[in-house]
Amino acid sequence: MIRPRIPVNPLPTGLVIPLDQSTTAVEPHTGPAPARDCHHGRVQPTPRVQLPAVRLTPAGLVAAVAGGAGLVLVVGAVLVSMLLAVAITGASVAVCAVVLRSLLNGQHHR
């Protein structure tokens, strides 16, 4: 009950093998071997199914182009507004620096 449990790790092959081995003894099978009646030949591989290409109707094509153009316009507007906000912030900081410099220089000359 208090023993730690090691988690089961899935392998890339898809097989899941537990890491901890049980300590119980396994008795060998003593009965007769099962009869195997396997008379079929090699299994033929199943052919790959090729999916059909996507076909757009003229209305669907117009909707896709309009949606793409709208997305480009929205993203462009957001990026331009962010650039404008950075430019305005930089200009206001520059004006504040010039005003502070002129105030500090005026005190030294008096």
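Cut-offs and rules
- Residues numbered from 1 in each chain as written.
- Predicted model: local features only at pLDDT ≥ 70, side-chain atom pairs only at ≥ 80, totals over all residues.
- Heavy atoms only, no water.
- Helix = DSSP H or I, 4+ residues; strand = E, 2+ residues; numbered from the N terminus.
- Buried < 20%, exposed > 50% of the residue type's maximum accessible area, 1.4 Å probe, protein only.
- Areas by Shrake-Rupley, 256 points an atom, 1.4 Å probe, with all protein chains shown as cover.
- Patch = residues over 30% accessible without salt bridge, like charges linked within 9 Å, V, L, I, M, F, W, Y side chains within 5 Å.
- Salt bridge = Lys/Arg side-chain N within 4 Å of Asp/Glu carboxyl O.

A. Layout of the overall build of the protein. Summing up its helical and strand segments, the protein has one helix and two strands in all. Of the regular secondary structure in the protein, the N- to C-terminal order runs β-β-α. Across the 110 residues that make up the protein, the buried fraction comes to 0%. Summed over all atoms, the accessible surface of the protein reaches about 11,500 Å², with 69% contributed by carbon and sulfur.

B. Layout of a nonpolar patch on the surface. On the surface, L71, V74, V75, V78, L79 and M82 cluster together into a nonpolar patch covering about 570 Å² of accessible area. Tracing the sequence through the fold places L71 in helix α1 (residues 58-109).

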